[in-house]
Structure formats: C-alpha cells, structure tokens
Amino acid sequence: TASEKEKAEKQLLTTVENISNLASELSSRFEKEKFFHDWLCTNVTYNLDGTDNVFTAYGALINGVAVCEGYARAMQLLCDNVGIPCTVIYGSSRNVDHMWNIINPGDGWYHLDVTWDDDEQYNYARHGYFNLTNGQILQDHVIFDVVQEGKFYVGNDKFNVYLYDCNIENYNYFLKNKLIFSENMTNNANLIIDADNKGQKSLEVFYDGNDHKAFLMQVNIELVRLGYDMWISDYAYLGGSLVMWW
C-alpha cells in the first residue's frame, strides 16, 4: 500500500543516513568505500529466500538478506549518499547471471564485487574483488556487452547500458595497502609480524601462486628463523585473496 511504501522508504533512507554518518569522519573516498564494503560483508547474508526484497537495497540494508543485485544496489545507494560515483554492471560468473559495481574512489573507475568478497564460511570481509581492472575481473567474470545503437533487443537479451573503462590499479586494495606476498620470504614474514604487533591475529594479502600450503610453510620457517614464536595455523584462498590466521 502507499503507506507501507512510504514507511519502507523512510526506513531505508534513515538506515542509509545512519551508515553514512558512521563513515563521515573518514576523509577519502577510498576509506568510505572500504567502510561501506566491509559493512555490507559483515551485516548482509547471501540467500535467495524467494522474496523480491533480496534483489533490492532494502533487502540488504533492512532485512540483512540479499543476492548479488541487492548487494550491488545497496553499495550504489550508500555511495550516492556521500558523493562517490558508483553504478552497477551486469554480467555473469560461474555460468550464473551476476551483478556488481563500477566505482570511482578518486582517480578513475574500478570493478568492485561486494558479493564475492563476503566470505560467510569464515565470517570474513575479503578484498580480493576490491577495485579491479577489466583484465583482473575478466579472469572469472563475464561482462555483458554495452547496448548498441540501432540493434533490436527482446526481453531476455542481456546487456549494459553504459560501461566505464577500468584500466588503472592505484586504488586496488592490496596495492594501495602494500599487502602483497612475493618470493621474498623476509618481506612476507615482516607483513605478518607488523600485523601481530598491531594486535591482529589474521592478515589478508594478495598471492597469485598455486601451492599455498607449501608457500606458507616457507613463511613459517622464515618466522622461526627471525626468532618469532608465531605459526600460521590456518588459511583460506579466494580470487587472489589469501587470509591467514596464527
């Protein structure tokens, strides 16, 4: 009804304003983007429960339940509220239709997939799909073509109305925070030591290798060699994001 619609709109806008206020002390677009991203990963559960709300920002922000479209539209709504350019993009992943965001955190456009960063198995907000280039996102995503002028479309055709070119890396989460594992084991161990000194018991880095278990064994050996009583006891890998616990 009209009154129910009005009540829902007010509830949604109030929630958006409250979340935005939590991010108000953050100075940069990048920091606010990360805050919104992490908030959604922490407070929304992916679930196709049979209602229309899971496809909406309302489902994500009010009910805490959404599918990819709900995540993407919630992210867009939050960013719009604080002046961060952000839109949605249509495509597929793992042969299933999918939606995510394209965002400008300060120096150009990037792909942002909040849904895939919501690691509910480990209750962890990942950043493996936080500000990627076209080339990076296309490793496991498909982007639908942009609509072509003069082409006739029918109801089940899939396309994007407009696409921004995402070809820079400066605001990639791992590059910007210098959280990248390399072949230099001392540098890798120092990343963990720095995190432990800050009171952390886990760390997320970018690693594009294959044999994660063998690689982390080398990191553990380096930690011992450096004289630290620490040991990586568990890890999880997804889309270049390697999370370690010690």
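Residue numbers run consecutively from 1 along every chain, following the written order of its sequence. Thresholds applied to this predicted model are a pLDDT of at least 70 for local features of residues and 80 or more for the giving and counting of side-chain atom pairs; totals over whole chains, interfaces and linings are not thresholded and use all residues. Processing note: side-chain calculations cover all non-hydrogen atoms of the structure and skip hydrogens and water entirely.

Novice: Help me get a handle on the pairing of strand S11 (residues 234-238), residues and values and all.
Specialist: Whether two strands pair comes down to DSSP finding at least two bridges between them. A run of DSSP states H or I qualifies as a helix once it reaches four residues; a run of E qualifies as a strand once it reaches two. Both are numbered from the N-terminal end. Judged from the five bridges that link them, S11 and strand S12 (residues 241-245) form a sheet pairing that is antiparallel. Pairing of Ala236 across the sheet is with Val243, part of S12. Linkage of S11 to S12, two consecutive antiparallel strands, is achieved through a turn of two residues, within which Gly239 is found at a positive phi near 55°.

Novice: Describe a nonpolar patch on the surface, with residues and values.
Specialist: The patch calculation keeps residues exceeding 30% relative accessible area without a salt bridge and links them within 9 Å when they carry like charges or within 5 Å when they are nonpolar (Val, Leu, Ile, Met, Phe, Trp, Tyr). Throughout, the Shrake-Rupley method with a 1.4 Å probe supplies accessible areas, and for residues the shown protein chains are the sole cover considered. Any carboxyl oxygen of Asp or Glu within 4 Å of a side-chain nitrogen of Lys or Arg constitutes a salt bridge here. A contiguous nonpolar surface patch, about 450 Å² in accessible area, is contributed by Val146, Val147, Val161, Tyr162 and Tyr164. Inspection of the secondary structure assignment puts Tyr162 in the loop between strand S9 (142-143) and helix H7 (173-177). By relative accessible area, which is 53% here, Tyr162 ends up exposed. Here the term buried applies to any residue with accessible area under 20% of the maximum for its type, exposed to any over 50%, and partly exposed to those in between, with areas from a 1.4 Å probe on protein chains only.

Novice: Outline helix H1 (residues 2-22), supporting the account with residue identities and numerical values.
Specialist: Between the first and last C-alpha of H1 there are 31 Å, a value that for 21 residues agrees with the 30 Å anticipated at 1.5 Å per step. Leu12, Thr15, Val16, Ile19 and Ser20 are the residues of H1 that are buried. Around the axis of H1, the buried residues are gathered within 135° of arc, so they sit on the same side. In H1, the exposed positions angled more than 90 degrees off the buried face are occupied by Ala2, Ser3, Lys7, Lys10 and Leu13. On its buried face, H1 is in contact with helix H2 (29-43), helix H3 (57-63) and helix H4 (68-82). Here the expected length of a helix is defined as 1.5 Å per residue gap, with one fewer gap than residues. Think of it as the arc spanned by the lines of direction from the helix axis to the C-beta atoms. Whether two residues are in contact is decided by their heavy atoms: any pair within 4.5 Å suffices.

Novice: Tell me about the pattern of salt bridges, and please be specific about residues and values.
Specialist: Scanning all chains against the criterion turns up eight salt bridges. When the shortest N-O distance is used, the salt bridge between Lys5 and Glu9 registers 2.5 Å. With Lys5 and Glu9 both in helix H1, this residue pair falls four residues apart, about one helical turn. Residue classification places Glu9 among the partly exposed positions, given a relative accessible area of 41%. The closest approach of N and O atoms between Asp119 and Arg126, which form a salt bridge, is 2.7 Å.

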